[in-house]
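A structural walkthrough
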Amino acid sequence: MTHVQRLESDTSAPSDAQSPQDRLVMLLARVEKGDREAFAELYQATSAKLFGTVLRILKDTTWADDVIQDVYVTIWQKADRFDRQRGSVIGWMATIARNAAIDDLRRAPRHQSEDDSHLEHAAATQASAFEQRDQDESSDRLSQCLEELEETRSQMVRLAYLDGWSRADLASHFGQPVNTVKTWLHRALKQLKGCLST
Amino acid sequence: MSDLTDKDLLAAEFVLGTLDDSERQQVHRQRQQDGELEQLIQAWEARLAPLGDEVKSIAPGPHLLARIERRIDAVEARAALQHSDDRVTRLRRRLTLWRGMAGVSSAAALILAALLVGAPTSSPDQSQFVAVFQQDDQQPAFMLSVNLEQRRLHVMPVTAKPMEDRSYQLWIKEASLGPTPQSVGVLDDDLSIDQSALQQYSPELLKRATFGISVEPSGGSPTGQPTGPAIHGYLYPTQAPGNQRL
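Residues numbered from 1 in each chain as written. Chains lettered and ligands numbered in written order. Predicted model: local features only at pLDDT ≥ 70, side-chain atom pairs only at ≥ 80, totals over all residues. Heavy atoms only, no water.

Thoughts on the pattern of salt bridges
Side-chain pairs of opposite charge can arise where the charged atoms are in close proximity. Using the criterion set out here, one finds 21 salt bridges over all chains in the structure. K7(B) is the partner of D34(B) in a salt bridge, and the nearest nitrogen-oxygen pair spans 2.7 Å. Linking D34(B) in the loop between α2 (21–33) and α3 (35–48) with K7(B) in helix α1 (residues 6–16), this pair joins segments that are 27 residues apart in sequence. It is possible to trace a salt-bridge network through shared partners that takes in R56(A), K59(A) and D163(A). (Salt bridge = Lys/Arg side-chain N within 4 Å of Asp/Glu carboxyl O. Helix = DSSP H or I, 4+ residues; strand = E, 2+ residues; numbered from the N terminus.)

Okay, structure coming up:
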């Protein structure tokens, strides 16, 4: 369990001291004012999480290095766009990182190894990784809802979100036409939304 | 099972990551204008965010932060440059005015002054101002720095060279001083000027004033007005107030 992951699961811990979440909010507020020291601290506190997120999608450290650079420059420039009402700092940053990685992957898929073995590996590690999830309430809820999905569909959701698989990747892995995959994904998403809203 | 609109499905697949390149670019554009789509995307981000807990943290290479900081340096430098470009544009308008009023004629001879602002510093000195006298948008000819608190000025030649049988003369122009420029003084042969030459002017006046440097016969203008080609500058704080970032 990493530092950053602990930060995220710390929401309910009552404490007189500044919570790690509050610290990130404070750092980001200073970054917004152009504080480079705060930026370096924010980087130290969050870069492993963001790099892990991006690397898992791109599977190439050089490529992930490049994307992470863009991501932190974006964070520097757009620190004022963070809205505390919308969620955590780390969540906001991770979203920027995921979007950048997936945008890049979709734009230039040739970067990624054509060998499918990393896909197999990723798929094989899903279940065990999932069992080690944080005992966070919203986490648990999503986890329950994913379990209610047909197994293939919940795997697809996870492979798409975490590993950046395209519809075509999923189609080839599950031996289905792309359109079928699209339909399955839509059904899975509808079901998830319904489950999460109850 | 709830029923999802096409837009909601688009938002969902965008967040899930399964859209192709052109679809993603389309969503990036559309969400800027479509508040409903933006809301739907944010809702899906919130729904799926807990999945991110599964990602193992992996420390990036040790040199990445330094590379990012260099990138930010470059971004900030460009922002400062853009900022000064905006000022140059404003300055040009002001110069047109100055030029007309001063009666300095030849447009070819009259050289635009440009203004550069130093990169933002962490410890701004609010009393330090600088004007750059720039010829033909090339290298600055002179820089003028003024400490408003002490009303001390310092002229630094950059590319300007002393000329035989010619003198450079510094002028100040401001509405309250009348319609024509006032002489601040003639630059010495080493292109320096008496540091206290601005003592008689208030800091407020100096902030509003336009400065000009003209080429005059040796010893200064015989008419009390600029007679030769002039270049102009306008004081700006070395640290602009407010946020300089993009």
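Moving on, there is more to tell.
Brief notes about helix α2 (residues 20–32) of chain A
Residues and elements named next belong to chain A. When the terminal C-alpha atoms of α2 are compared, their 18 Å separation across 13 residues agrees well with the 18 Å that a helix rising 1.5 Å per residue should span. What α2 keeps buried is the set L24, L27, L28 and V31. When α2 is viewed along its axis, its buried side chains cluster within an angular range of 100° and face the same direction. (Expected span 1.5 Å × (residues − 1). Buried < 20%, exposed > 50% of the residue type's maximum accessible area, 1.4 Å probe, protein only. Arc of directions from axis to C-beta.)

A few points about the packing of aromatic side chains
Overall, the coordinates contain 4 aromatic pairs over all chains when judged by the stated rule. On the numbers, 6.1 Å between centres and 85° between planes, the contact of F39(A) with Y72(A) is edge-to-face. Placement of F39(A) in helix α3 (residues 36–58) and of Y72(A) in helix α4 (residues 61–78) is noted, with a sequence separation of 33 residues between them. Since its relative accessible area comes to 0%, Y72(A) is described here as buried. Among the aromatic residues, those joined into a cluster by ring pairs are F39(A), Y43(A), Y72(A) and W76(A). Stacked on the ring of Y161(A), the Lys or Arg R98(A) has its end atom at 3.6 Å from the ring centre. A cation sits over an aromatic face here: R47(B) above W44(B), 4.4 Å from the ring centre. (Phe/Tyr/Trp six-rings, centres within 6.5 Å; stacked < 30°, edge-to-face > 60°. Lys NZ or Arg CZ within 6 Å of the ring centre and 35° of its normal.)

Concerning the interface of chain A and chain B
With 66 residues of chain A at the interface, the matching set in chain B holds 53 residues. When residues of chain A are sorted by the area they lose upon contact with chain B, Y161(A), K190(A) and K193(A) head the list and together hold 13% of the total. Our count for the contact surface shared by chain A and chain B stands at 10 salt bridges. With a shortest N-O distance of 3.9 Å, R67(B) and D66(A) are connected by a salt bridge. Applying the counting rule to chain A against chain B returns 18 residue pairs in polar contact (both at pLDDT 80 or more). Per element, the largest residue contribution to the side of chain A that touches chain B is 13 residues, and it comes from α3(A). Each residue belonging to the side of chain A that touches chain B can be placed in one class, and the counts come to 27 nonpolar, 17 polar and 22 charged. (Contact = heavy atoms within 4.5 Å. Buried area = accessible area lost by both parts, 1.4 Å probe. Polar contact = N/O pair within 3.5 Å; in protein donor to acceptor, adjacent residues only side chain to side chain. Nonpolar A, V, L, I, M, F, W, Y, C, P; charged D, E, K, R; others polar.)

Observations regarding unusual backbone geometry
Notably, K59(A) is not glycine yet its phi reads approximately 55°, a positive angle. Mapped onto the elements of the fold, K59(A) is located in the loop between α3 and α4. For K59(A), a relative accessible area of 30% corresponds to the partly exposed category. A positive phi angle, close to 65°, is found at L191(B), a residue other than glycine. Relative to the assigned elements, L191(B) resides in the loop between β5 (182–186) and α5 (203–208).

Structural notes on the environment of L50(A)
Residue and element names in this part refer to chain A. Positionally, L50 belongs in helix α3. The class of L50 is buried, set by a relative accessible area of 0%. Separated by 14 residues in the primary sequence, L50 and A64 have C-alpha atoms spaced 9.7 Å apart. Excluding anything up to four places from it in sequence, L50 contacts I68, V71, Y72, I75, I90, M93, A94 and A97.

What about the confidence of the model for chain A?
Residue and element names in this part refer to chain A. Summarising the model, chain A shows a mean pLDDT of 83, and 78% of its residues fall at 70 or more. Note on residues 1–16: pLDDT under 50 across the span, and 24 contacts to partners over four residues away in sequence or across chains. Taken as a whole, residues 113–135 scores under 50 in pLDDT and shows 37 contacts with residues more than four places along the chain or in a different chain. (pLDDT = per-residue confidence, 0-100.)

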